[in-house]
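Examining the three-dimensional arrangement
Spelled out from the first residue to the last, the chains are:
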Amino acid sequence: MILQENQTFNHQFKVDDRIYSGFISVFDDRNALHTDEEFAKNKGFQSKVMHGNILNGFLSYFIGELLPTEDVMILSQSINFKNPVYLDDVLHFEAILTDQSEAVRVNTFAFKFINAALKTVASGKIQIKEF
């Protein structure tokens, strides 16, 4: 297996306007919390809250582009959203390989996204299979 238990991966992602607008353009999710500044502020947020599934896109990038092999596929993932993400937030991503089954070539990562204020905005697990 190419990956090693306790191996750690780090990356920075920025939720810029290209990503935000692209998400809306592709998925047409125009919920007011994500698109209406005043609505979001009236609900107690600083600004429009970015779509949580943008972070799922970052997870896809991690598996598809940051791992040292292309011979993998996602089997499952879970994500817990803890704090809002706003436009232009820079997120530190960290994933640690926590469990490895060589017999079936399955790897499980624990991951988290942390904002510039050092608050965890999301965390979870993602399981992949190596071919």
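Residues numbered from 1 in each chain as written. Predicted model: local features only at pLDDT ≥ 70, side-chain atom pairs only at ≥ 80, totals over all residues. Heavy atoms only, no water.

Where an unreviewed UniProt entry is consulted, the protein appears under the name 3-oxoacyl-[acyl-carrier protein] reductase, with the organism given as Chryseobacterium shigense.

1. So, the nonpolar core
Ranked by internal contacts, the top residues of the largest apolar core, which has 29 residues, are Phe 62, Leu 67, Phe 109 and Phe 113. Those elements giving two or more residues to this core turn out to be β1 (8-14), α1 (17-27), α4 (53-66), β2 (72-81), β3 (90-101), β4 (106-114) and β5 (120-130). In terms of residue count, the dominant contributor to this core is α4 (6 residues). Non-local contacts of Phe 113, meaning those with residues more than four positions away in its chain, are made with Phe 13, Leu 55, Phe 58, Leu 59, Ile 79, Leu 91, His 92, Phe 93, Lys 119, Thr 120, Val 121 and Ala 122. (Core = buried A, V, L, I, M, F, W, Y, C linked by side-chain atoms within 4.5 Å. Buried < 20%, exposed > 50% of the residue type's maximum accessible area, 1.4 Å probe, protein only. Helix = DSSP H or I, 4+ residues; strand = E, 2+ residues; numbered from the N terminus. Contact = heavy atoms within 4.5 Å.)

2. A word on unusual backbone geometry
The backbone phi angle of Arg 105 is positive, close to 60°, even though this residue is not glycine. Within the secondary structure, Arg 105 sits in the loop between β3 and β4. Judged by relative accessible area, which is 29%, Arg 105 ranks as partly exposed. The backbone of Leu 118 sits at a positive phi, close to 65°, despite the residue not being glycine. Structurally, Leu 118 can be placed in the loop between β4 and β5. Leu 118 sits in the exposed class, given a relative accessible area of 71%.

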